[in-house]
Amino acid sequence: MHYYNTSAAPLLVLMTCRQRLIGWYSKVSAPLWRETFPLLTIIGEEDLPSEEISEELIETGQSEEILKVTFPSQYNSIKEEELVVWVDPLDGTKEYTEGLLDHVTVLIGIAHEGKAIAGVINQPYYNYQIIQLIEGQASAYVFASPGCKKWDTCAPEAILHAVGGKLTDISGNAYEYHKDVKHMNSAGVLATLRNYNYYSSRVPESVKQALVPKM
């Protein structure tokens with residue numbers, strides 16, 4: 001499990017397996033958030049299942065270590081309705097079914113005024129590309145396709161930014177995380193821990209032109 005203090009709000013409950021996470025998200029987390037924070041916008045990848053979830057698959061514990069993190073003063077005036085939480089309880093669904101467990105993660109991102117300010121990446125199995133960047137095991141992550149969504153990049157962008165990295169679209173434009181933005185990241189992704197300009201200059205113009213941002 002990997003989590004990082006991004007100097008934002010105390011981060012949320014961390015889960016470590018698919019069944020527990022989706023059960024918790026559908027029956028505990030989402031309803032609890034909406035009851036406790038009715039003005040909070042939550043946008044998720046997975047639809048809530050119609051069937052009942054077995055109680056034994058629901059994890060309601062909390063990370064006491066995370067709850068001890070001091071709330072940063074610059075966020076004291078934030079209003080509930082100004083926050084957007086992007087959740088993907090099972091990022092890499094197709095890979096999960098194919099047994100490619102190193103591609104499977106749980107993502108929770110928090111955005112304020114369109115900017116990613118906090119994130120959780122839970123890695124139930126092996127390595128995840130952004131974690132590899134943070135730990136120095138990779139130099140850059142290039143996703144030259146319009147396939148990923150905002151819930152795929154909000155948490156990683158916040159974590160990368162906290163440790164000095166950068167995540168943008170393939171042409172260097174920042175992504176926005178307002179509640180009304182299109183969910184698709186139509187212009188791909190370029191992420192680095194350092195030397196961003198170098199790697200950005202190596203992306204062919206033909207690739208940039210093929211991935212036009214759609215607002």
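Residues numbered from 1 in each chain as written. Predicted model: local features only at pLDDT ≥ 70, side-chain atom pairs only at ≥ 80, totals over all residues. Heavy atoms only, no water.

- By the naming in an unreviewed UniProt entry, the chain goes by 3'(2'),5'-bisphosphate nucleotidase 1 and is assigned to Ranitomeya imitator.
- You can read under Sequence similarities (unreviewed entry) in the UniProt record for the chain the words "Belongs to the inositol monophosphatase superfamily." (UniProt positions renumbered as here; feature names shortened; annotations may be inferred.)

1. Quick look at the sheet that holds strand E6 (residues 166–168)
Next up, step 1: Strand order in the open sheet made by the three strands is E5-E7-E6, with antiparallel pairing throughout. Both outer strands of the open sheet, strand E5 (140–143) and E6, are each paired with one neighbouring strand and no more. Neighbour-to-neighbour, the strand axes of the sheet open up by a mean angle of 5°, direction not taken into account.
Next up, step 2: Across the sheet, helix H5 (residues 150–162) lies against E6 and strand E7 (189–192), angled at about 145° from E6, the strand it touches most. (Pairing = 2+ DSSP bridges. Helix = DSSP H or I, 4+ residues; strand = E, 2+ residues; numbered from the N terminus. Axes fitted to C-alpha atoms, helices over the stretch in contact; angles between N-to-C directions. Contact = heavy atoms within 4.5 Å.)

2. A short note on the pattern of salt bridges
For side chains bearing opposite charge, pairing can occur when the charged atoms are close.
Next up, step 1: Applying the stated criterion across every chain, the model contains two salt bridges.
Next up, step 2: With a closest N to O distance of 2.8 Å, Glu 176 and Lys 115 form a salt bridge. One end of the pair, Glu 176, is in the loop between E6 and E7; the other, Lys 115, is in strand E4 (residues 115–122), with 61 residues separating them in the sequence.
Next up, step 3: Owing to a relative accessible area of 40%, Lys 115 belongs among the partly exposed residues under this scheme. (Salt bridge = Lys/Arg side-chain N within 4 Å of Asp/Glu carboxyl O. Buried < 20%, exposed > 50% of the residue type's maximum accessible area, 1.4 Å probe, protein only.)

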